Amino acid sequence: MAESPVTHLLNKLAQFFENEVRFLTGVREEALSVRGELERVRAFLRVADSLEESDEEVKVWVKQLRNTAYDMEDALDEFSLVLRHDHGVGFTALISRMSCCIKNLKGRYRVTSEIQRINSRVKGICDGHRRLRHKFSRAQQDPSSTGLDNTWQDHRGNALLLDKTDVVGIEQPKNELIGQLLDGAHRREVISVVGMGGLGKTTLVKQVYEDPSVKKHFAVYAWITLSRSCKIEELLKDMLDQIMRVIRKPVPPGANTMNSHWLKMIIKDLLLQRRYLIVLDDAWHIKEWDAVKHALPNNGHGSRVIITTRNADLASTSCKEFNGLVKNMEPLDPEQSWKLFCRKTFQGNSCPSHLEEICKYILRKCEGLPLAIVAISGVLAAKDKRRIDEWDVVRRNLRAEIDGNDRLKNLKRVLLLSFSDLPYYLKSCFLHLSIFPEGHLIEHRRLIRLWVAEGFVERKEGKTLEEVGTDYFSELLNRSLVQVAETTTDRRVKLCRIHDFQREIDVEHVEIITSKSRDQSFATIAKEQTDMWPDKVRRLSLHNSLQAAQQNRSLSHLRSLYMFGVDRGFIDLVLGCDIKLLNVLDMQATPLSKFPVQVVDWYFLRYLSFRHTEVKTIPTSIGRLQNLETLDLKHTNVTRLPVEILKLQKLRHLLVYRYENISYLCYKYGFKALTEIGALQSLQKLCYIEADDERNDNIMRELGKLTQLSRLGILKLRKEDGRALCSSIAKLTNLCAISVASVEDDEILDLQNLTSPPQLLQRIYLKGRLEILPNWLASLNSLVKLHLRWSRLKDDPLVSLQSLPNLVHLELLQVYEGKTLCFKSKGFRKLRILGLDNFDELRSVEVEEGAMPCLEKLIIQRCKLLEKLPSGIEYLTKLKVLEFFDMPDELVKKFVRDEQDEDYQKVAHIPEVYYGYWRDGGWDVQSMEKSFEGDASPRQGTSMRSSEFPPCWK
């Protein structure tokens, strides 16, 4: 994987020639020669990447080129450091400058010699490319020559031959698929079965395809197995041949020499008057679908197309074009996994009790992946069941067992295909996931900011780097290489993870995660006392406390440093090393109590995170970090920033805040606003500034200069500053989210004067008294989430808000002083979550039929005068969760007594109903459970005691 570092170096060379080369007398030609040679070989790097798994000579060549690119990058950055010394003023500064001139001469000579040496290395590597050109040409002409596709096809052939007794957990999805094939519309439809490799997509669809009722229903059927290297003419000839066999007619003469256009015409003509079923197995790219879709006519006979794919984007696109549905293939549940494991490992017998703990540990690593379960079972079946030590060796050395066992090598190659198919920029992003500990939930926004800081994200016209990075993440998600672990209420990805078994499998031989990162000098993961660091480590992720003896290794080439679970002494040792080229320092949740002073000397630092540490103050010298893009001080004790922070012209994300959840309330604390905050014109996220200052009017106007802002958080706003804030917000056309809180709960938020609100606004959080609801709120077609707190409005806010076309989450806390809230018919068409809290005068809630048709969760709490359940609640047919907290006992009793009660019947259709009270500093929460059969018998439900929010609020 050399394309990424080579591309990164070429970009850096372009900047270097523009900014620094004037200082390199006599070296310009050498540097240009390096760039020219690298540009010539870059075109072959993607082919080389696919060959290095099977060709040792190519692998060595790629490694040499990659390491040379790294060395060249280091040489350029070291020279840049020579030119950047702040000498101060006065006599001492003069002496310092004189001394530095001598050092500069030495530095220039050193970098001149280094570039000449690297140029010589590059020429030698390019000579090697000429020797390997015949291999590259052959691989370009025949991608299957790499051997990976052949392995995959062998595996798919095995999947097609499985008996029913060899599969587990597919009976229900099989019956569902058969129903979708045989029933439904007469129009042609596509069913896309999507999921990561090894989930059993092919196995499932083959069982459906071979079902007698399916074969009887369709007059024509064909199974087409695709591959990444398939040729469209061969695919169409195979389809034609299968169709002719089914209808018992000879293949038309001359078909073998026809081009794709004529083959499509013939196939379309044959299918036009017949009900057909076509399976396209293992489709990788939309181009494969585009190549065949025009041969499949919409004949009105109930024809069907099934696609199996790892690509969610392909699955969605094909279903939109041809109508139909996407079926996400789910892993086996624990019971099904255990059944399959025992069937394969113990030939259908039960697991011996002395092996059960070991087997369940290994099975957990498989995470319901049938391919992995079958492969591991094949290895364990050969072990002596009386020798627990043999089985424990597998448990303790699962990775080594995977690498050394021939049965599992095919499995590794299968999973490698998903990685090999990635473009080079996604490979870097995927490998970067290796820096996180096993099982770690990764914050989506943090990950995108890190990718930008690491230099993985390429610029695209009309998009920010963060937007491009989000596109990269979506691609990995669509390819089933990343899993969503948690989403926000408006369905944005909040946390993600990678499949545990993928992490276990993708080491050593396949080298996708940990070991591939190390082998390619991408990242080193040190989590054991015996782990050794390479001589030139570029990214280092430290897991747990390690021995200080490791510091014998040089870190002078280090670009990124991540720490997870290390102790304070070890932190001091690492930060005391020579790491002047560092780009990323992520010390989130480390035992750090003060800002490390040496950090300000790391000129190339782009990402700095002390989140969840005890850091209290930031030094004035932080102004020296001229390349800093992200400063993450969330959940630290920092409340002020030095004015020198305004020198950081590249700063894009400034996060300085913490919050505490107490009972219902969330208390936020930010940092004292800087008078000239408008100087940071690259800022995209600014959270949270505290605006209780006599200079507020000027500060609010300064915000209007931050035209790149997408997220803004303001605390302690005063009424008199509202007009200036509105004037600034109108200029922030990229703003997607804003949070504004008044200095006191009774302080008025004067936000009426926003005549031209940013039309991209999606999330708004307003905390404070509103004299009237801002009229511009109702014009925000993009708004998806709205939180209003302490508004104390005299007029019903629902009248203005009900027509918002995309609102999905609405929370209202002490917003309205009226006695009745009415949700009108056809109002809030997309609302899924509604919270009503602390309405002092509220006595009734009315829901008209047709209102809130998509509502899934309703929370009502602390409405002490509410006399009855919301009338019309039975119309909310999609409601899944109903929560009543700190409500009158009389009201709660209405839906927890016998099932004959009228009020009880109103909530009987709701799967989850919770009720509880805040008592003595903690929550008493209970749920009204439904029986397994689905009736609504009011049995005693689950009960919990907690000082935090109930789990149903998460």
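What you see is a predicted model, and the numbers here were worked out from it, not measured in a lab. (Residues numbered from 1 in each chain as written. Predicted model: local features only at pLDDT ≥ 70, side-chain atom pairs only at ≥ 80, totals over all residues. Heavy atoms only, no water.)

1. Description of the overall build of the chain
Selection rule: Helical segments are the DSSP runs of H or I of at least four residues, strand segments are the runs of E of at least two, and each set is numbered from the N terminus. With a 1.4 Å probe rolled over the protein chains alone, any residue whose accessible area is under 20% of its type maximum counts as buried; one over 50% counts as exposed, and the rest are partly exposed. Should any heavy atoms of two residues lie within 4.5 Å, those residues are counted as being in contact. Using the Shrake-Rupley algorithm and a 1.4 Å probe, accessible areas are obtained, with residue cover drawn only from the displayed protein chains.
The helix and strand tally for the chain stands at 30 helices and 32 strands. In the chain, which comprises 954 residues, the proportion classed as buried is 55%. Expressed as a percentage of contacts within the chain between residues at least 6 apart in sequence, the contacts between residues at least 24 apart total 62%. A total of about 41,000 Å² of accessible surface is found on the chain, and carbon and sulfur atoms cover 48% of it.

2. Points about helix H27 (residues 722–729)
Summarising burial for H27: 6 of the 8 residues are buried, a large majority. Among all positions of H27, only Gly722, Ala724, Leu725, Cys726, Ser728 and Ile729 are buried.

3. Remarks on the pattern of salt bridges
The cut-off we apply is this: Each salt bridge in this description consists of a side-chain nitrogen of Lys or Arg and a carboxyl oxygen of Asp or Glu lying within 4 Å of one another.
Across all of its chains, the model carries 44 salt bridges by this definition. Of the charged contacts, one joins arginine 658 and glutamate 660 as a salt bridge, the two residues approaching to 3.6 Å between their closest N and O atoms. Residue classification places glutamate 660 among the partly exposed residues on the basis of a relative accessible area of 35%. Note that arginine 718 and aspartate 721 form a salt bridge whose closest N and O atoms lie 3.4 Å from each other.

4. Overview of the pairing of strand E29 (residues 881–885)
Applicable threshold: Pairing between strands is defined by DSSP: at least two bridges between them are needed.
The element E29 is extensively covered by neighbouring structure, given that 5 of its 5 residues are classed as buried. The two faces of E29 match: Val881, Glu883 and Phe885 on one face and Leu882 and Phe884 on the other face are all buried. Inspection of the sheet shows strand E28 (residues 857–861) paired to E29 by 5 bridges, in the parallel sense. Its bridge partner lying in E29, lysine 857 is registered against valine 881. Taken together, the 5 bridges between E29 and strand E30 (residues 912–919) define a ladder with parallel strand orientation. Counterpart to valine 881 in the pairing with E30 is glutamate 912.

5. Observations regarding the packing of helix H14 (residues 334–345) against helix H15 (residues 356–366)
Here is the rule: Convention adopted: a line fitted to C-alpha atoms gives each axis, helices being fitted over their contacting stretch, and angles between N-to-C directions are expressed from 0 to 180 degrees. Left-handed describes a crossing whose near helix is turned anticlockwise from the far helix by less than a right angle; the clockwise case is right-handed.
Between H14 and H15, whose axes approach to 11 Å, the crossing angle comes to 115°. Considering the relative orientation of H14 and H15, their crossing is right-handed. In this structure, H14 uses Ser337, Trp338 and Phe341 to contact H15, whose residues at the interface are Glu356, Cys359, Lys360 and Leu363.

6. Details of the pairing of strand E20 (residues 711–717)
Burial within E20 is extensive, with 5 of its 7 residues counted as buried. Bridge count between strand E19 (residues 685–690) and E20: 4 bridges; the pairing is parallel. Across the sheet, the residue bridging to leucine 686 is leucine 712, located in E20. Where E20 lies against strand E21 (residues 737–742), 5 bridges are found, and the strand directions are parallel. Residue pairing across strands places arginine 711 opposite alanine 737, the latter belonging to E21.

7. A word on the side chain of arginine 539
Counted only if it meets this: Any N or O atom pair separated by 3.5 Å or less is treated as a polar contact, with the protein-specific requirement of one donor-capable and one acceptor-capable atom, and with residues adjacent in sequence counted only for side-chain atom pairs.
Mapped onto the fold, arginine 539 is located in strand E10 (residues 539–543). Within the local environment of arginine 539, its side chain forms a polar contact with the side chain of glutamate 454, the two groups lying 2.8 Å apart. Excluding its chain neighbours within four sequence positions, the residues that come into contact with arginine 539 are Glu454, Phe456, Phe522, Ala523, Thr524, Leu558 and Ser560.

8. Notes on the packing of aromatic side chains
What counts here: Planes of paired rings set the category: under 30 degrees apart is stacked, over 60 is edge-to-face and the rest tilted, where pairs are Phe, Tyr or Trp rings (Trp by its six-membered ring) whose centres lie within 6.5 Å. Two thresholds decide whether a charge sits over a ring: the Lys NZ or Arg CZ must be within 6 Å of the ring centre and within 35 degrees of the ring normal.
Evaluation of the coordinates by the stated rule reveals 16 aromatic pairs. Judged by centre distance (6.0 Å) and plane angle (85°), the ring pair of tyrosine 209 and tyrosine 221 falls under edge-to-face. Of this pair, tyrosine 209 sits in helix H8 (residues 201–209) while tyrosine 221 sits in strand E2 (residues 220–225); the two residues are 12 residues apart in sequence, bridging distant segments of the chain. Here the aromatic rings of tyrosine 657 and tyrosine 659 are separated by 6.5 Å at their centres, their planes lie at 25°, and the arrangement is stacked. When its relative accessible area of 9% is taken as the criterion, tyrosine 657 is described as buried. Of the aromatic side chains, those joined through ring pairs into one cluster are Trp338, Phe341, Phe346 and Trp391. Stacked on the ring of phenylalanine 322, the Lys or Arg arginine 188 has its end atom at 3.3 Å from the ring centre.

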